[in-house]
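# Coordinate analysis (summary)
Each chain, letter by letter, is given below.
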Amino acid sequence: TNCLMTGNSGAQTLVSAVSAASLSVDSCTVGTNGFSNAAFYTTGDFALHGSIIWQPEMTTLDPSSNLSRVSAVSLIVTDDDSFYGLSFLESLNVSDRDPAFVDADIGNFHLRPESFAVDNNFTGPATDIEGYPRPVNLLHLNGLGFYDVGAYEQQDKGDTIFSDGMDRIIFN
């Protein structure tokens, strides 16, 4: 829960859960990792909720995973097609839209205000990865939830018109 997986590299997969009863990833952001195969491999139940898996050169779920059940809810993934065709899939709100990070190339995985991930999740932990409160409902145009998808919650910046302390204009 509330994790950021970035800058890792290896031969096969980012996370491999072998002989595990289940693997659960909740409110995480995964990006700019270098692996030849997939982000996740597991042999048990797999729950992926409220997370962004943005790996343009990599599939999200290793097709050789021996899964009994997959639950995918409120996701933004590079390859949403890796989930289709699974007869045991419970899926809701899975998208392959660009998450619109501030600047992933330099490691800034915060969401830009126009991101599809803002207010696009139904549930989540009480705080984000930096300890800021969740949810912060910004009345985003997608209207699909209150929590942001991924590790970071977009915070209310307050009044931007009078943010410099000037609260009136006086005409002479």
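Since this is a predicted model, take the numbers as computed values, not measurements.

Here the focus is the pairing of strand 9 (residues 70-77). With respect to burial, strand 9 is a largely interior element, 7 of its 8 residues being buried. The pairing of strand 6 (residues 45-49) with strand 9 spans 4 bridges and is classified as parallel. When the bridges of strand 9 are listed, L48 appears paired with A72. As paired strands, strand 7 (residues 52-54) and strand 9 are joined by 2 bridges and run parallel to one another. Bridge pairing in strand 9 links I53 to V77.

This part covers the environment of Y152. Tracing the backbone shows Y152 in the segment after strand 12 (108-111). Classification of Y152 as buried rests on a relative accessible area of 10%. On a C-alpha basis, the gap between Y152 and E130 in space is 7.3 Å, while along the polypeptide they are 22 residues apart. Dropping the residues within four chain positions of it, Y152 is found in contact with L4, F109, H110, L111, D128, I129, E130 and R134.

On to the state of the cysteines. On inspection of all chains with the given rule, the structure shows 1 disulfide. Here C3 engages in a disulfide with C28; their sulfurs sit 2.1 Å apart. Taking the sign of the torsion about the S-S bond as the criterion, the disulfide between C3 and C28, at about 120 degrees, is right-handed. Highlighted residues: C3 in the segment before strand 1 (4-6) and C28 in the loop between strand 3 (22-26) and strand 4 (29-31), separated in sequence by 25 residues. A relative accessible area of 1% means that C28 is categorised as buried.

With that settled, consider the packing of aromatic side chains. Applying the stated criterion to the full structure yields 2 aromatic pairs. Both rings, one in F40 and one in F46, keep their centres 5.4 Å apart while their planes meet at 45 degrees; by these two values the pair is tilted. The pair formed by F40 and F46 is uniform in burial state, with each residue classed as buried. Ring centres of F101 and F109 lie 5.0 Å apart, and the angle between their planes is 80 degrees; this geometry places the pair in the edge-to-face category.

Each value, and the rule that gives it
Residues numbered from 1 in each chain as written. Predicted model: local features only at pLDDT ≥ 70, side-chain atom pairs only at ≥ 80, totals over all residues. Heavy atoms only, no water. Buried < 20%, exposed > 50% of the residue type's maximum accessible area, 1.4 Å probe, protein only. Helix = DSSP H or I, 4+ residues; strand = E, 2+ residues; numbered from the N terminus. Pairing = 2+ DSSP bridges. Contact = heavy atoms within 4.5 Å. Disulfide = S-S within 2.5 Å. Phe/Tyr/Trp six-rings, centres within 6.5 Å; stacked < 30°, edge-to-face > 60°.

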